[in-house]
Amino acid sequence: MLVQLAVSGLALGSMYGLVALGYHMTWATSRTLNFSQGHVVMVGAVVAYAAHVAGGWPLAAAVAVTLLAAAAFGLVVERIAVRPFFRAGSPVWLLATIALGIIVENVAMLAFGKDARAFPSALALKPVFVLGAGVYPQELLLPVVGVALMGATQLFYHRTFYGRQLKAVAWDSEAAGLMGIDVPRAVAVSYALSSVLAGVAGLLLAPLLNVSPTMGTLIGLKAFAVAIIGGLTSAAGIVVAGFLYGLVEALVAGYVSTGAREIVGFAVVIAMLIVRPWGLGGARPARRV
Amino acid sequence: MTPAAAWLVVAAAAAVVPLLTANTYYLYLAMTIGILVVVAGGLNVLAGLTGQISLGHAGLYAIGAYTAALAATRLGLGFWTALPLAVVVTAIIGAAVALAALRLSGPYLAMVTIAFGIIVEGALVEWVALTGGPGGIFDIPKPRLAGVPLALSRYYWLVAAAAALALLLTRNLARSAWGRALVAVRDSELAAESLGLFAYRVRTTAFTLSAAFAGAGGALFAFLNGYLSPDSFTLQTSILFLLTVLFGGLGTVAGPLVGAVALVLLPELMHQFVEYRLILYGSLLLLSVYFLPRGVVGALARRRGVGSAAAGAAAAGGSPGPRPGRGPGPPPATAAPAAAGPRGGDFVERAHRPEHTEAGGGPAVLHAVVLQLTGVTKSFGGVRALDGVTLAVRAGTIHSLIGPNGAGKTTLVNLVSGFDRPDGGTIELFGEPVGGRSAVRIARRGLARTFQTPQLFEELAVLDNVLVAATGPRLGWLAAALAGAGGDAAATRARADDALAAVGLGEWAATPAADLPFGHRRRLEIARALAAGARVLMLDEPAAGLAPAEIEALDALLSRLRAAGLTVVLIEHHVELVMAISDRVTVLDEGRVIAEGAPAAVQRDPAVLAAYLGTPA
Amino acid sequence: MRRGLLTLLVIVALAALAGAPTAQPAPIKVGLAAAVSGGSAASGEAIKRGLQIAIDEVNARGGLLGGRKLELVVRDDEGNPQKGVTIARELVERERVAAVFGGLHTTVALAQVPVWHELATPYVGTWAAGTNITRNGKKPNFVFRVSANDDEVDKFLVRYAAERLKRGRPGLLLENTAWGQSNEAGLTKWFGERSVKAVGIEKFNWNDPDMSPQLLRLKQGGADVVMLVANAPEGAQVVKSKAKVGWDVPIVSHWGISGGRFAELTGELSEGVVFVQTYSFFGKQNARGEAVLKALRDRYGVKGPEDVTAPVGTANAYDALHLVALAIEQAKSTDGAKVRDALEELKAEYAGLIKTYKHPFTSEQHDALTERDYIMVVWKGGKIVPVQ
């Protein structure tokens with residue numbers, strides 16, 4: 001049972017981490033978040049379903065369309081819900097992104113229907129047995145793709161010129177602007193990239209969770225918890241936190257009770273916020289006076 | 001129609017509803033509105049006045065409801081005991097959450113409240129023995145009055161009265177010193193702390209109060225329905241509460257009422273579009289933040305020209321935030337000093353009477369050392385910002401601190417004023433060590449500072465900004481504030497007026513600080529420092545950005561302050577001003593003192609010339 | 001000019017006459033209080049369709065009480081008990097409906113029970129199976145149901161597992177809701193009657209992705225059959241998790257899994273899953289069944305039985321409406337108390353969709369369907385067929 005729980009926990013945790021990395025990306029660039037990130041996961045799954053299952057497109061094409069749709073949604077979120085409030089300094093973007101999330105979930109309900117639909121995948125049909133635990137190959141794919149993408153984003157930020165520009169904006173958007181960096185564009189790009197990560201998570205999770213308009217809310221909340229536990233400013237912290245959260249969740253569900261799962265998970269979040277709000281990987285912020 | 005008349009009409013209309021219709025549907029809707037008003041009123045105090053966004057109020061609402069229900073069903077307590085019990089229990093839990101959470105802000109606070117809400121929801125489902133689990137609690141007995149169960153229409157009056165009470169309490173709070181303190185902490189935590197207010201305590205109080213309201217609403221809800229289940233207390237419910245306040249008008253008194261009416265009645269009017277209900281809610285939320293940042297009420301108020309200074313004094317009932325210094329009791333005589341122009345040293349003298357600082361009384365002994373730094377060091381990462389700085393400031397003098405950018409001047413101010421801690425060395429204020437103490441405590445000892453970028457309480461009027469300082473931490477009993485007795489004492493009001501007059505801002509008293517012209521903003525900060533009764537003022541680049549005439553006025557003001565016995569530490573780049581007005585000048589470069597002495601001597605010091613002033617060609 | 005005015009006057013007069021209430025008698029309104037939006041909206045839609053098809057039939061025959069047509073008023077309870085109470089009052093006090101039909105949520109139905117009694121309006125549940133909805137201790141009881149009753153269903157399921165499958169070590173796997181709670185009580189009771197104790201009682205939440213921990217615990221406890229109470233998405237995850245952990249025991253399920261696309265979600269893993277229904281549109285239909293399928297096709301574009309989502313909602317609602325129509329006719333009135341009495345003393349025999357109803361309700365029994373009316377069906381090759 002331990003192995004069983006560990007494997008599914010780590011698999012799901014890698015997805016929390018991936019989605020949470022999206023939170024980190026926008027926070028790092030603009031000190032804002034997309035509170036509808038969970039719903040972007042749903043958008044990814046729904047678009048992939050529409051293209052591949054309903055529309056019959058080949059998987060590669062469906063994946064491409066999904067990523068484009070996710071990026072587009074990210075740009076919309078940034079334009080409508082974040083940019084107008086970027087300067088105001090107040091957390092109004094929080095409410096605006098929540099609102100967008102509600103809207104998109106219900107538009108999906110109207111357009112996609114309220115039933116959960118299946119996303120068939122060869123990797124989710126027959127389980128394989130690893131150390132005595134049954135596991136769908138799709139579940140093993142999650143952490144692999146997750147870690148790969150996380151690594152890629154880190155490379156992007158640290159090794160590419162444009163990535164470093166994005167980091168500069170995070171440090172001091174005014175200075176970055178004065179240096180010739182297009183700040184609004186940088187923020188928009190960060191939102192697009194963050195949404196792509198969520199869209200990929202949606203794609204990968206679709207065969208395991210089934211596609212439904214309500215699939216994203218809880219994922220979004222848990223990913224946010226992971227982002228906080230790991231540290232909104234620390235990508236490495238988030239990756240680790242994702243795996244940890246998934247693992248702990250699974251172990252609690254397995255050994256204590258399934259009802260305790262959410263309660264324990266979010267209690268850990270609160271504890272973290274009291275004791276060490278800047279997260280596992282973050283640094284105590286200096287108050288700039 | 002005056003606001004008072006409008007409220008009277010609303011109250012009358014609300015009172016007659018049960019007489020007009022026996023239709024339980026309408027009554028039920030009206031009571032749903034009333035309960036939402038109670039909860040939203042409390043959330044308004046938190047989100048509107050204090051600027052803290054909570055997405056977990058459904059959890060507090062649930063605690064109130066279940067406490068009341070359990071009290072009635074398991075303990076056999078009547079409504080009149082169950083309701084206060086629910087309020088108390090919810091307030092206690094709210095206080096616990098606040099203590100844990102309110103060092104945080106923005107998305108961190110949102111996360112804590114969301115997590116709290118989810119945990120409560122989960123507990124309601126899992127703790128079957130206590131809460132009945134998913135099936136919930138049944139057969140909650142109807143409230144009784146004199147042994148007779150209340151009919152629905154009678155219960156309506158109870159709920160309506162509760163809603164009215166909620167609105168009245170929030171109105172009283174908004175107009176009191178407490179309310180002003182809440183807004184101050186929201187607008188600038190830094191400035192509030194520099195005036196002696198513990199932001200953390202103030203916010204916790206606001207959260208606890210909003211929890212109490214939510215608990216009351218929950219109890220009323222439990223008795224209305226007779227049945228409770230966890231489905232009524234979800235994240236969506238929390239969002240709905242927030243939307244009510246946002247849409248109606250954050251920080252306005254009427255906002256919760258308008259929002260509640262809109263959000264309860266709208267779905268009832270659009271049955272054909274029921275599938276779009278949530279899309280409508282989301283859109284309303286979006287529209288609210290976009291077009292109605294002050295909500296419906298605020299938008300209407302603005303259109304009636306409340307923003308201008310003149311109208312502000314006769315503001316309509318919908319105006320956001322506390323009104324300029326209104327409170328019971330100030331006699332008409334003290335309203336006079338809104339006159340023009342500074343009137344000399346006696347105003348300054350009165351304005352900074354030290355009787356209310358913790359440092360205790362006694363006039364400043366001229367030329368005694370009031371501020372002493374010895375070997376102070378501070379590093380940020382690998383950068384040495386201050387390297388063994390030793391400095392003595394004497395009472396009744398203007399002591400300037402100059403040096404190139406990055407020399408450590410602002411760091412020094414931050415260390416002295418408590419906004420940062422020194423790594424080494426000692427700092428003594430009036431002979432007491434203050435290194436590492438909090439900004440609030442240092443402020444209460446009689447030190448005030450201004451900020452490089454003026455930190456004003458933008459939403460408050462100029463006079464209110466100063467009143468915050470004049471009141472300081474002495475906010476009085478919260479209960480008194482709620483009851484409408486939380487106004488300002490005459491002496492406080494006088495001190496504020498004097499401070500404003502001293503800096504020449506008397507005629508701007510009713511203007512919102514956000515509307516002040518740039519040059520006046522620094523003056524307001526100085527007025528605040530005066531009203532707080534500070535004896536040592538640290539001014540961080542007050543001349544920056546001022547026109548020559550304004551700099552002259554500043555020069556004159558500083559002289560007056562000195563004449564009144566205040567000590568001024570001036571950080572400045574404006575060399576002419578510094579040399580003209582200072583008694584002593586200290587020059588910092590790369591964290592070290594490179595020169596110190598009378599202005600003339602420092603001006604000629606070769607080290608200073610090399611580092612900062614420039615050698616003549 | 002004068003001619004123009006005259007023409008105008010004539011047109012207006014004609015329009016007024018056309019629009020004015022003629023000898024047309026006022027319609028009889030009946031209400032539907034169900035989840036029409038949100039996650040369970042498919043059930044609300046299914047119930048609505050069943051009611052509407054039946055209403056169309058009644059109106060085609062000339063309506064009730066001397067030509068009055070039936071009209072359906074739908075209100076959304078959002079799955080929220082408080083909202084349910086609000087719309088209950090609205091339907092009765094504002095819309096003046098003669099009777100109300102209910103939806104999927106047991107919690108909503110329970111919350112509404114006091115309201116029907118306060119406002120003296122009969123309510124007929126068409127889906128929510130919580131035992132205490134009809135067994136609510138009220139006299140006179142205004143709450144009826146043409147649907148499963150959890151207590152009876154549990155008796156039925158237990159009998160199947162014990163006698164048909166000959167299993168003695170059941171594991172219960174239930175959703176963590178009031179419905180799950182209701183069935184936990186029922187299953188425990190009926191197994192207890194056979195001196196059987198469940199090996200384990202496991203719960204899961206809506207939208208849970210993986211039930212492996214629960215299944216593993218049951219497996220470790222030695223369970224030889226899984227008694228499942230779940231809706232389609234969660235049921236599908238249960239089946240997939242069970243396959244994943246490689247545990248091969250039969251599943252005996254409540255009808256929840258029929259409320260969605262269970263077969264699609266599980267693929268070939270649905271094979272052999274047994275569950276209870278009040279009615280199945282698969283297989284040979286009686287005349288009513290044919291008529292309903294045809295109406296579904298004509299009015300809603302439903303292609304065939306596999307396209308009927310949440311079929312029990314439609315079937316139950318259809319019969320419920322006809323029974324209420326008969327009661328109204330018998331009471332010769334739309335007065336709530338009279339219709340209620342008529343329902344309890346229904347004289348006419350109604351050859352309905354699910355069965356033939358002879359005196360379906362008594363003062364003791366407010367469930368029209370009992371264990372004898374349920375059928376056990378099984379997924380075979382993606383189709384639902386009755387168990388032999």
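A quick note: this is a predicted structure, and the numbers were derived from the prediction, not measured.

**As for the sheet that holds strand β5 (residues 143-145) of chain C**
Residues and elements named next belong to chain C.
For step 1, the next point in the chain: Strand order in the open sheet formed by 5 strands is β2-β1-β3-β4-β5, with parallel pairing between adjacent strands. A strand with exactly one partner marks an edge of an open sheet, and here the two such strands are β2 (70-76) and β5. Neighbour to neighbour, the strand axes of the sheet diverge by 25° on average, direction disregarded.
For step 2, the next point in the chain: Pairing geometry for strand β3 (residues 99-102) and strand β4 (residues 123-125), over 2 bridges, is parallel. Among the inter-strand pairings, valine 100 is bridged to a residue of β4, identified as tyrosine 123.

**Some remarks on the interface of chain C and chain A**
For step 1, the next point in the chain: The interface of chain C with chain A comprises 25 residues on the first partner and 24 residues on the second.
For step 2, the next point in the chain: Sorting the residues of the side of chain C that touches chain A by element identifies α2 (41-60), β7 (200-204), α8 (212-220), α9 (232-244) and α10 (262-266) of chain C as the ones contributing at least two each.
For step 3, the next point in the chain: With 5 residues, α9 of chain C is the largest single contributor of residues to the side of chain C that touches chain A.
For step 4, the next point in the chain: For the side of chain C that touches chain A, the per-class residue count stands at 12 nonpolar, 8 polar and 5 charged.

**Some words on the pairing of strand β6 (residues 424-429) of chain B**
Residues and elements named next belong to chain B.
For step 1, the next point in the chain: Where strand β3 (residues 369-380) and β6 come together, 5 bridges link them in antiparallel fashion. Bridging across to β6, leucine 373 finds its partner in isoleucine 427.
For step 2, the next point in the chain: Pairing analysis gives 2 bridges linking β6 to strand β7 (residues 432-433), with the strands arranged antiparallel. Residue glutamate 428 lies in a different strand from β7, and its bridge partner there is proline 433.
For step 3, the next point in the chain: The antiparallel hairpin formed by β6 and β7 contains 2 residues in its connecting segment, where phenylalanine 430 sits at a positive phi of about 50°.

**Notes on the nonpolar core**
For step 1, the next point in the chain: Counting 440 residues, the largest nonpolar core has Val19 and Ala45 of chain A together with Ala68, Val462, Val466, Leu500 and Ala527 of chain B as the members making the most contacts within it.
For step 2, the next point in the chain: Considering each element in turn, this core owes the most residues, 18 residues, to helix α8 (residues 183-209) of chain A.

**Structural notes on the confidence of the model for chain A**
For step 1, the next point in the chain: Predicted confidence across chain A gives a mean pLDDT of 86, with 97% of residues reaching 70 or more.
For step 2, the next point in the chain: At the level of individual helices and strands, chain A shows its lowest average pLDDT in helix α7 (residues 173-178) of chain A, which scores 75, and its highest in helix α2 (residues 37-54) of chain A, which scores 93.

Rules behind the numbers
Residues numbered from 1 in each chain as written. Chains lettered and ligands numbered in written order. Predicted model: local features only at pLDDT ≥ 70, side-chain atom pairs only at ≥ 80, totals over all residues. Pairing = 2+ DSSP bridges. Helix = DSSP H or I, 4+ residues; strand = E, 2+ residues; numbered from the N terminus. Axes fitted to C-alpha atoms, helices over the stretch in contact; angles between N-to-C directions. Contact = placed C-beta atoms within 7 Å. Nonpolar A, V, L, I, M, F, W, Y, C, P; charged D, E, K, R; others polar. Core = buried A, V, L, I, M, F, W, Y, C linked by C-beta atoms within 7 Å. Buried ≥ 20, exposed ≤ 12 C-beta atoms within 10 Å, placed from the backbone. pLDDT = per-residue confidence, 0-100.

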